[in-house]
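Each chain, written out:
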Amino acid sequence: MTLDKHQLDGIPQITAKTLPSTEFELLLLTAGYGKIGTAPAQGNRLKVWWTHSTFRRIEAIYSADGKVAITAYHV
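One structure accompanies this document, and this report is about it. (Residues numbered from 1 in each chain as written. Predicted model: local features only at pLDDT ≥ 70, side-chain atom pairs only at ≥ 80, totals over all residues. Heavy atoms only, no water.)

## Side note on helix α1 (residues 21-30)
Now for step 1: Taken residue by residue, α1 has Ser21, Phe24, Glu25 and Leu28 as its buried positions. Projected down its long axis, α1 carries its buried residues within an arc of 95°, all on one side. Residues of α1 that are exposed and point more than 90 degrees away from the buried face comprise Thr22, Leu26 and Thr30.
Now for step 2: Tucked inside the fold, the buried residues of α1 contact β1 (19-20), β2 (34-41), β3 (45-51), β4 (58-62) and β5 (68-74).
Now for step 3: Gly32, located one to two residues past α1, shows a positive phi value of around 95°. (Buried < 20%, exposed > 50% of the residue type's maximum accessible area, 1.4 Å probe, protein only. Helix = DSSP H or I, 4+ residues; strand = E, 2+ residues; numbered from the N terminus. Arc of directions from axis to C-beta. Contact = heavy atoms within 4.5 Å.)

## Considerations on the nonpolar core
Now for step 1: One finds Phe24 and Trp50 to be the most contacted residues of the largest nonpolar core, which totals 16 residues.
Now for step 2: With three residues, the top contributor of residues to this core is β4.
Now for step 3: Those residues in contact with Phe24 that sit more than four places away from it in its chain are Leu3, Leu8, Ile14, Leu19, Ala60, Tyr62, Ala69 and Ala72. (Core = buried A, V, L, I, M, F, W, Y, C linked by side-chain atoms within 4.5 Å.)

## Considerations on unusual backbone geometry
Now for step 1: At Asn44, a residue that is not glycine, the phi angle is positive and equals roughly 60°.
Now for step 2: Within the element layout of this structure, Asn44 appears in the loop between β2 and β3.

## Describing the packing of aromatic side chains
Aromatic rings in a pair are described by how distant their centres are and how their planes are angled relative to each other.
Now for step 1: Scanning the entire structure with this criterion turns up two aromatic pairs.
Now for step 2: Arranged with centres 6.1 Å apart and planes meeting at 75°, the rings of Phe24 and Tyr62 form a pair that is edge-to-face. With a gap of 38 residues between them, Phe24 in helix α1 and Tyr62 in strand β4 connect regions that are remote in the sequence. The exposure classification of Phe24 matches that of Tyr62, with both residues buried. (Phe/Tyr/Trp six-rings, centres within 6.5 Å; stacked < 30°, edge-to-face > 60°.)

## A few points about the pairing of β5
Now for step 1: Within β5, five of the seven residues are buried, leaving the element largely enclosed by the surrounding structure.
Now for step 2: The pairing of β4 with β5 spans five bridges and is classified as antiparallel. In the strand pairing of β5, Ile58 is matched with His74.
Now for step 3: Adjacent in sequence and paired antiparallel, β4 and β5 are bridged by five residues, among which Gly66 carries a positive phi angle near 75°. (Pairing = 2+ DSSP bridges.)

Okay, structure coming up:
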């Protein structure tokens, strides 16, 4: 649970270790990111990629049900 460990381009520093996915995705959408794909991730989790026209791409890891954003970082 390390959502607070990474600084994401165009988004204020997140201070919580996890966020509800709706809250996390609202931050990304407001900053102009768009979801481009999903895939299963290690540990029965969900991986989601986000893109932006000027910022670096983000890879985010969610809980298996997609309701909690666990971590996100640039790739």
